[in-house]
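Spelled out from the first residue to the last, the chains are:
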Amino acid sequence: MTHPTTDPAVTDLLDAFAKAPADGLEAAFLPLAASVWGTDGPTAAAAGAVPALVAALDPADDTHRGHLAVLLGLLAEAEHPVTDGPVRAAVHAGLDRYLDLLGAADPEAPLTFALLYLVGHFPADRERILAVTAPLGLGDDDRTRLERSLAELDPARPDLGRCWPSPAAWQLNPDEVEFDASLFAGLTTEQLEANWDNDSRTVLAYSGMKAYFAVRYGEALETAYPLPPAEQWAAEAAALPGTAFARHAEALRCPSCSATLDFADASARCTGCDTRYALSAGLLDLSRGETGSRATDEDDTADLLQKLAGMPSMGVYYESVLRPAFLRVAGLNWDDAVTPALEDEYLATRTAPVEGTVLDLCCGAGRWTAVVEQAVGTERLLAQDLAHPMLNAMRRALPEVPAVIASALDLPYDDASIGAVNCWNALQAFPEQADTAIAEIGRVLKPGGTFTLLTFRWADDPIDRHYQASHYFPSRPAGMLLFELDDVKQWLAAAKLDIREESGTGAFVFITAERAA
């Protein structure tokens, strides 16, 4: 096979890839990909190589074609934000061939996922692409992701923030639709365009990662869990008396002056600076006081997606739809190797508190708070998060568990006052301050108390790593940021937390550590 317009080195790599057997495909594909694509953009050889990559689709089997389609999709977006660059134009020139392959595709085949990801980069050809894919009977998730990838922003009716992991995953009621519309109405043109672009890139990254996993391993699962009935979303959390917090008085401290707190049914009063903190519906708000200041600046919520995250049912959507999808992209969990049952078993067997309060830090909607509750008992358990919608969902699910609204970066607890801490699937939400959070956990843990942690590391494969980073979530408008495992270990050691167990498939990191004496 010769390609006179292609860099000779790329030609050799493409020949090696074309001849590679199934068990040598990855070893041949990654050097080929690196010769034309990188996380910083296309290489100098990319534009000249694209016609050869497209031509290589013809003689290839479906597994080789799937890899090539993923690579062409990466090249189609590699010049972003430029949309008329030479590499993208070269990839677009192969559209007829991509559509021919799609027209004969099995809707659940790995090659189909790769081709959907590839053609999703060409919204100017939306009608033509949808006409070819309509007869395939694509699943709702794949179909609506493709439709969203091919859509253009309509400033008069922007549809933002409800497209990941797919538009089909969202079932908004009229009040929530109105909630969204009220936010969109106040955005500038620049804000609309920026958020639309972030949404588009996130959907493409999810589609690409699914395709890449499928062409390597034969399938990619999209497990979700049933949504609770809609009437549960708006249910009020049950009230809890101040005594539910008073039993944790030994640990709780005023975030302003670190003095102890006195509890009544409607508030908590600092015995030192006399600041009063709101206490309502089982939530103690230590992020602000009547004479204190908020722990986070209100301006932090100015970003559109941050506001969308305040939707009342977000906590429900998180556990049912968003969290399973997040585990797929952050943990490479497209094979469901890590299940909720496995997580349950890990927490139930690794949580080993010494005397004192057990803290479920960054508890979210409470799915794993319930597991910790079973392990240690309700009387010892205190939940904490900074997201009110999540805590409302947690309180509805676990009406006897009190919760604190506070930052993980400045824990409102005394030194060596907590018997155990759990921080499950949350550390990556504040990656630049993860060392601070771990230091705080080490500070508040009693000697011998356990710290159980689930988080995620960067994937070994550079393409997987690119797709991980190309997810633009509310707290990460510049793209997702994960960890190097050695960094996490260094932070634990600095906090005097000794690792007792470390495991994790894919890009998962499971750790149990113990506070040293």
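Definitions and limits used
- Residues numbered from 1 in each chain as written.
- Predicted model: local features only at pLDDT ≥ 70, side-chain atom pairs only at ≥ 80, totals over all residues.
- Heavy atoms only, no water.
- Salt bridge = Lys/Arg side-chain N within 4 Å of Asp/Glu carboxyl O.
- Helix = DSSP H or I, 4+ residues; strand = E, 2+ residues; numbered from the N terminus.
- Buried < 20%, exposed > 50% of the residue type's maximum accessible area, 1.4 Å probe, protein only.
- pLDDT = per-residue confidence, 0-100.
- Contact = heavy atoms within 4.5 Å.
- Pairing = 2+ DSSP bridges.
- Right-handed = clockwise from strand over helix to strand, strands pointing away.
- Polar contact = N/O pair within 3.5 Å; in protein donor to acceptor, adjacent residues only side chain to side chain.
- Core = buried A, V, L, I, M, F, W, Y, C linked by side-chain atoms within 4.5 Å.
- Expected span 1.5 Å × (residues − 1).
- Phe/Tyr/Trp six-rings, centres within 6.5 Å; stacked < 30°, edge-to-face > 60°.
- Lys NZ or Arg CZ within 6 Å of the ring centre and 35° of its normal.
- Axes fitted to C-alpha atoms, helices over the stretch in contact; angles between N-to-C directions.

Student: Help me understand the pattern of salt bridges, please; the structure alone is not making it clear to me.
Tutor: Side chains bearing opposite charge may pair, as long as their charged atoms lie close to each other. Scanning the entire structure with this criterion turns up 27 salt bridges. Where Glu-379 meets Arg-247, a salt bridge forms, and the shortest distance between an N and an O atom there is 3.7 Å. Placement of Glu-379 in the loop between helix H17 (369-376) and strand S8 (381-385) and of Arg-247 in the loop between helix H13 (243-246) and strand S3 (261-263) is noted, with a sequence separation of 132 residues between them. Taking the relative accessible area as the measure of exposure, Glu-379 reaches 54% and is therefore exposed. Glu-484 is paired through a salt bridge with Arg-465; the nearest N and O atoms lie 3.3 Å apart. Here the residue Glu-484 occupies a position in the loop between helix H20 (462-469) and helix H21 (485-494), and Arg-465 occupies one in helix H20, the gap between them amounting to 19 residues. A residue is classified by how much of its surface remains accessible, and Arg-465, at 31% relative accessible area, is partly exposed. Members of the salt-bridge network, linked through shared partners, are Asp-142, Arg-145, Lys-210 and Glu-222.

Student: For this particular structure, what's the right way to read the confidence of the model for the protein chain?
Tutor: Close inspection of predicted coordinates is inappropriate in any region flagged by low pLDDT. Within the protein chain, residue pLDDT values average 90, and 91% of them lie at 70 or more. Under a pLDDT of 50 for its full length, residues 290-309 has, in the predicted model, 41 contacts with residues more than four places off or in other chains.

Student: Looking at this structure, how should I read the environment of Pro-241?
Tutor: Tracing the backbone shows Pro-241 in the loop between helix H12 (230-233) and H13. In the structure, Pro-241 is positioned 40 residues away from Ala-281 in sequence and 8.7 Å away in space, judged by C-alpha atoms.

Student: I tried to follow the pairing of strand S11 (residues 445-456) on my own but got confused; where do I start?
Tutor: The two faces of a sheet get side chains in turn, since along a regular strand they alternate between them. Across the 12 residues of S11, 10 count as buried, placing the element largely inside the fold. By the bridge criterion, 6 bridges tie strand S10 (residues 418-424) to S11 in an arrangement that is parallel. Opposite Asn-422, over in S11, you have Thr-452 as the bridge partner. For the crossover from S10 across helix H19 (residues 434-444) to S11, the handedness is right-handed.

Student: Looking at this structure, how should I read H17?
Tutor: Residues lying three or four places apart along an α-helix face the same way, a consequence of the helix completing one turn every 3.6 residues. All of the buried residues in H17 are Thr-369, Val-371, Val-372, Glu-373 and Val-376. For H17, the secondary structure elements touched by its buried residues are helix H16 (340-350), strand S7 (357-361), S8, helix H18 (388-397) and S10.

Student: For this particular structure, what's the right way to read the pairing of S8?
Tutor: Burial runs high along S8: 5 of the 5 residues are buried. Because side chains alternate across S8, one face comprises the buried residues Leu-381, Ala-383 and Asp-385, and the other comprises Leu-382 and Gln-384, equally buried. With 4 bridges joining them, S7 and S8 adopt parallel strand pairing. Within S8, the position partnered with Leu-359 by the bridge is Leu-382. When S8 meets strand S9 (residues 403-405), the two strands line up parallel, connected through 3 bridges. Along S9, the bridge assignment pairs Ala-383 with Ala-403.

Student: Is there a simple way to think about the side chain of Arg-216 in this case?
Tutor: Following the sequence through the fold, Arg-216 ends up in helix H11 (residues 189-217). A distance of 3.0 Å separates polar atoms of two side chains, one belonging to Arg-216 and the other to Asp-464. Residues contacting Arg-216, with those up to four places away along its chain left out, are Glu-26, His-67, Asp-461 and Asp-464.

Student: Explain the nonpolar core here, please?
Tutor: Note that soluble globular proteins tend to have their nonpolar side chains buried in a common cluster. The biggest cluster of nonpolar side chains holds 108 residues, and the ones touching the most others in it are Leu-71, Leu-72, Leu-75, Val-91, Tyr-98 and Tyr-467. It is H11 that provides the largest number of residues to this core, a total of 9 residues. Those residues within four positions of Leu-75 in sequence are excluded, and the remaining contacts are Val-36, Trp-37, Pro-42, Ala-46, Val-50, Leu-53, Val-87 and Val-91. By size, the runner-up hydrophobic cluster in this structure holds 44 residues, among which are Ala-259, Leu-361, Cys-362 and Val-509.

Student: Any chance you could explain unusual backbone geometry here in plain terms?
Tutor: The general pattern is negative phi for most residues beyond glycine and trans for most peptide bonds. Omega for the bond connecting His-80 with Pro-81 falls within 30 degrees of zero, at 10°, which places this linkage in the cis form. Structurally, Pro-81 is set in the loop between helix H4 (62-77) and helix H5 (86-92). The amide bond that connects Trp-164 to the next residue, Pro-165, takes the cis arrangement and shows omega of 5°. Summarising the element assignment, Pro-165 is placed in the loop between helix H9 (140-149) and helix H10 (174-184). One non-glycine residue, Leu-332, lies in the positive phi region at around 60°.

Student: Quick question: what am I supposed to make of the environment of Ala-426 here?
Tutor: Tracing the backbone through its elements, the reader meets Ala-426 in the loop between S10 and H19. Linking Ala-426 and Leu-454, residues 28 residues apart in sequence, is a C-alpha distance of 7.6 Å. When residues no more than four places from it in sequence are discounted, the contact partners of Ala-426 are Cys-362 and Leu-454.

Student: Sorry if this is basic, but what is going on with H11 here?
Tutor: With 29 residues, H11 extends 42 Å between its outermost C-alpha atoms, agreeing within 8% with the 42 Å of an ideal straight helix rising 1.5 Å per residue. Of all 29 residues making up H11, 21 are buried, and the element is well covered by its neighbours. Gly-218 lies just past H11 and shows a positive phi near 100°.

Student: Would you explain the packing of aromatic side chains in this entry?
Tutor: The description of two aromatic rings rests on the distance between their centres and on the angle between their planes. Enumeration over the complete set of coordinates arrives at 14 aromatic pairs. With a centroid separation of 4.6 Å and an interplanar angle of 50°, the aromatic rings of Phe-213 and Tyr-217 are classed as tilted. In this pair, Phe-213 and Tyr-217 are both assigned in helix H11, 4 residues apart and thus about one turn of the helix distant. Members of the aromatic cluster, joined through ring pairs, are Phe-326, Tyr-346, Trp-424, Phe-456, Phe-508 and Phe-510. One cation-aromatic arrangement involves Arg-350 over Tyr-346; the distance from NZ or CZ to the ring centre is 4.4 Å.

Student: I tried to follow the sheet that holds S9 on my own but got confused; where do I start?
Tutor: Backbone hydrogen bonds hold the strands of a sheet together, and the pairing may be parallel or antiparallel. Sheet architecture is open: 11 strands sit in the order S3-S4-S5-S6-S9-S8-S7-S10-S11-S13-S12, paired in mixed fashion. Of all the strands in the sheet, the pair left with one neighbour each is S3 and strand S12 (497-503). Along the sheet, successive strands turn relative to each other by an average axial angle of 20°, direction set aside. Pairing geometry for strand S5 (residues 276-280) and strand S6 (residues 283-285), over 2 bridges, is antiparallel. Bridge assignment links Leu-279 to a residue of S6, and that residue is Leu-284.

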